[in-house]
Amino acid sequence: MLFQKPRALREGDTVAVLSPSWAGPSIFPGVFDLGLRNIENLLGLKIKEYPTARMSHEESYLNPKLRAKDINDAFADPEVSAIFASIGGDDSVRILPFLDLVTILANPKIIMGFSDSAAFLSYLNTKGMVTFNGPSILAGFAQLHHLPDTFAAHIRHVLMDSPSTLTYEPYEVWVNNYVDWKTPGYDGETGPKMPQDGWRFLQGSVKVQGRLFGGCIEVLEFLKGTPFWPSLDFFDDKILFFETSEDKPTVDSVKYMLRNYGSMGVIDRASGILFGRARSYTLEEKAALDEMVVRICSVEFGRSDLPIVTNMDFGHNDPQLIMPLGVMAEIDCDGKSVSLVEPATIPV
């Protein structure tokens with residue numbers, strides 16, 4: 001499959017902001033406004049709010065068709081160069097039947113979010129479009145001033161510079177949570193900053209390449225068995241990336257999800273597996289997760305050759321790396337590196 005890439009962003013471009021899942025901005029408008037200001041000031045982009053951006057929770061929940069319409073309209077809008085989700089949630093799978101694939105695929109643009117956004121990001125990727133697993137307005141952009149400068153630099157580099165290759169680097173610190181958004185005068189403060197605890201290259205001894213595909217492992221479960229899940233051959237030579245949500249699924253829960261990929265034949269076809277740092281896991285739970293992933297892949301499904309890297313900087317911790325679905329990536333087991341080996345966007 002050939003994947004359509006969007007044009008890279010330039011300063012002055014317009015970003016559509018919308019709420020395809022949970023109506024978080026209607027509950028935390030100050031945090032939303034903070035995220036929008038950071039996008040304008042730090043990236044030099046203009047904002048265009050779509051009707052669902054600040055829609056009430058009840059109206060948003062009852063009208064998945066309206067949420068899909070905002071995505072369709074943003075892709076059709078010649079003024080818009082990119083689409084950023086306000087936040088995740090748990091039901092964006094409900095918007096998928098209403099997405100206008102003809103319009104969307106005819107107008108490739110950067111579309112970015114994480115967590116529940118994995119539903120539409122993965123679906124559009126299976127239809128041949130590069131999509132972007134990365135920060136959302138309320139969770140990521142609103143906290144930019146309280147995170148390392150390398151985070152904003154990474155966002156600019158991936159979305160605006162269109163590098164021909166990119167070697168991912170661990171951030172120097174990471175945070176597991178935020179100060180309560182209800183705190184008066186909230187200014188993007190995060191929880192304690194913890195020193196980088198290292199990516200874990202668990203198995204594999206060669207250099208492999210494959211196109212990235214993945215997202216929040218719990219959200220991807222919503223799609224299995226639906227018309228929005230790809231055929232088995234889609235997974236040929238994919239580098240799968242998974243991350244876990246703030247719901248903190250147990251190691252056993254993740255085991256069942258990963259075993260399902262093995263039972264479907266996906267693990268047998270993949271080139272590698274990446275796991276983001278598990279949100280709110282203790283050191284003991286992280287060690288148990290590592291042991292489980294290796295056991296599922298190596299012992300249960302015979303892939304002792306499959307490169308596996310865990311505890312990476314993407315998903316429900318900050319700052320996070322942007323993972324573009326459909327872009328060719330490389331895992332170098334000996335060199336202990338993970339890279340993109342082609343641009344994620346079309347240079348301007």
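Calculation criteria
Residues numbered from 1 in each chain as written. Predicted model: local features only at pLDDT ≥ 70, side-chain atom pairs only at ≥ 80, totals over all residues. Heavy atoms only, no water. Axes fitted to C-alpha atoms, helices over the stretch in contact; angles between N-to-C directions. Helix = DSSP H or I, 4+ residues; strand = E, 2+ residues; numbered from the N terminus. Parallel < 35°, antiparallel > 145°, perpendicular 65-115°, else oblique. Left-handed = near helix turned anticlockwise from the far one by under 90°. Contact = heavy atoms within 4.5 Å. Pairing = 2+ DSSP bridges. Buried < 20%, exposed > 50% of the residue type's maximum accessible area, 1.4 Å probe, protein only. Polar contact = N/O pair within 3.5 Å; in protein donor to acceptor, adjacent residues only side chain to side chain. Salt bridge = Lys/Arg side-chain N within 4 Å of Asp/Glu carboxyl O. Phe/Tyr/Trp six-rings, centres within 6.5 Å; stacked < 30°, edge-to-face > 60°. Expected span 1.5 Å × (residues − 1).

## Things to note about the packing of helix α9 (residues 251-264) against helix α11 (residues 283-300)
Consideration 1: Interhelical geometry of α9 versus α11 gives an angle of 25 degrees and a closest axis separation of 10 Å. Between α9 and α11, the angle is such that the two are roughly parallel. Along this stretch, α9 crosses α11, giving a crossing that reads as right-handed. Here α9 contributes V251, V254, K255, L258 and R259 to the contact with α11, which in turn contributes E285, A288, L289, M292, V293, I296, C297 and E300.

## A look at the side chain of N133
Consideration 1: Mapped onto the elements of the fold, N133 is located in strand β5 (residues 131-133).
Consideration 2: Other than its neighbours up to four places away in sequence, N133 contacts G113, F114, L121, G215, F241, Q320, L321, I322, M323 and L325.

## Concerning the sheet that holds strand β12 (residues 272-276)
Consideration 1: Taken in spatial order, the eight strands line up as β6-β16-β15-β10-β11-β12-β13-β9 in an open sheet, and their pairing is mixed. The open sheet is flanked by β6 (166-167) and β9 (200-203), the only strands paired with a single partner.
Consideration 2: Bridge analysis of β6 against strand β16 (residues 337-340) gives two bridges, and the strand direction is antiparallel. Looking at the pairing, L166 lines up with L340 of β16.
Consideration 3: Packing against the sheet, α11 makes contact with β9, β12 and β13 (308-312), and its axis sits at approximately 30 degrees to β9.

## Quick notes on the environment of Y123
Consideration 1: Note on placement: Y123 falls in helix α6 (residues 118-126).
Consideration 2: Sequence-wise, Y123 and W229 are 106 residues apart; in three dimensions their C-alpha atoms are separated by 7.1 Å.

## Here's the deal with the pairing of strand β15 (residues 328-332)
Consideration 1: With four of five residues buried, β15 lies mostly within the body of the structure.
Consideration 2: As paired strands, strand β10 (residues 207-216) and β15 are joined by five bridges and run antiparallel to one another. Bridging from a neighbouring strand, K207 pairs with D332 of β15.
Consideration 3: Examined bridge by bridge, β15 and β16 share four bridges and lie antiparallel to one another. Opposite E330, over in β16, you have S339 as the bridge partner.
Consideration 4: Between β15 and β16, which pair antiparallel one after the other, the connecting turn spans four residues, and K336 there sits at a positive phi close to 55 degrees.

## Let's talk about the side chain of S21
Consideration 1: Considering the arrangement of structural elements, one finds S21 in the loop between β1 (14-18) and α1 (24-27).
Consideration 2: Note on S21: relative accessible area 4%, which makes it buried.
Consideration 3: Engagement of the side chain of S21 in a polar contact is seen with the backbone oxygen of G88, the distance being 3.5 Å.
Consideration 4: Not counting the four nearest positions on each side in its chain, S21 is found in contact with S60, R67, G88, G89, D90, D91, S92 and D116.

## Some thoughts on the pattern of salt bridges
Consideration 1: Counted according to the given criterion, the structure contains 22 salt bridges.
Consideration 2: The closest approach of N and O atoms between K224 and E221, which form a salt bridge, is 2.5 Å.
Consideration 3: Taking the relative accessible area as the measure of exposure, K224 reaches 16% and is therefore buried.
Consideration 4: When its relative accessible area of 26% is taken as the criterion, E221 is described as partly exposed.
Consideration 5: Here E291 makes a salt bridge to R295, at a shortest N to O gap of 3.0 Å. Here E291 and its partner R295 are both found in helix α11, four residues apart, which amounts to about one turn of the helix.
Consideration 6: Residue R295 is classed as partly exposed on the basis of its relative accessible area, which comes to 44%.

## Details of the packing of aromatic side chains
Consideration 1: This structure, assessed with the given rule, holds 14 aromatic pairs.
Consideration 2: When the ring of F213 is compared with that of F235, the centres are 5.7 Å apart and the planes differ by 85 degrees; the resulting orientation is edge-to-face. Residue F213 is found in strand β10, and its partner F235 is found in the loop between α8 (217-223) and β11 (238-243); the two are separated by 22 residues along the sequence.
Consideration 3: Accessibility expressed as a relative area gives 2% for F213, which makes it buried.
Consideration 4: Each ring, one from F241 and one from F314, has its centre 5.6 Å from the other, and the planes form 90 degrees; the classification is edge-to-face. You can see F241 sitting in strand β11 and its partner F314 sitting in the loop between β13 and β14 (323-325), a full 73 residues away along the chain.

## Let's talk about helix α7 (residues 149-161)
Consideration 1: Over its 13 residues, α7 runs 17 Å from end to end, which matches the ideal 18 Å to within 8%, given 1.5 Å per residue.
Consideration 2: For α7, every residue scored as buried is listed here: F151, A152, H154, I155, V158, L159 and M160.
Consideration 3: Packed against the buried residues of α7 are α2 (29-43), β3 (80-85), β4 (110-113), β5 and β6.

## Let's talk about α6
Consideration 1: Of all nine residues in α6, nine are buried; the element is thus mostly enclosed.
Consideration 2: For α6, the set of buried residues is A118, A119, F120, L121, S122, Y123, L124, N125 and T126.
Consideration 3: Buried residues belonging to α6 abut α5 (101-106), β4, β5, β10, α8 and β14.
Consideration 4: A positive phi of about 110 degrees marks G128, the residue just after α6.

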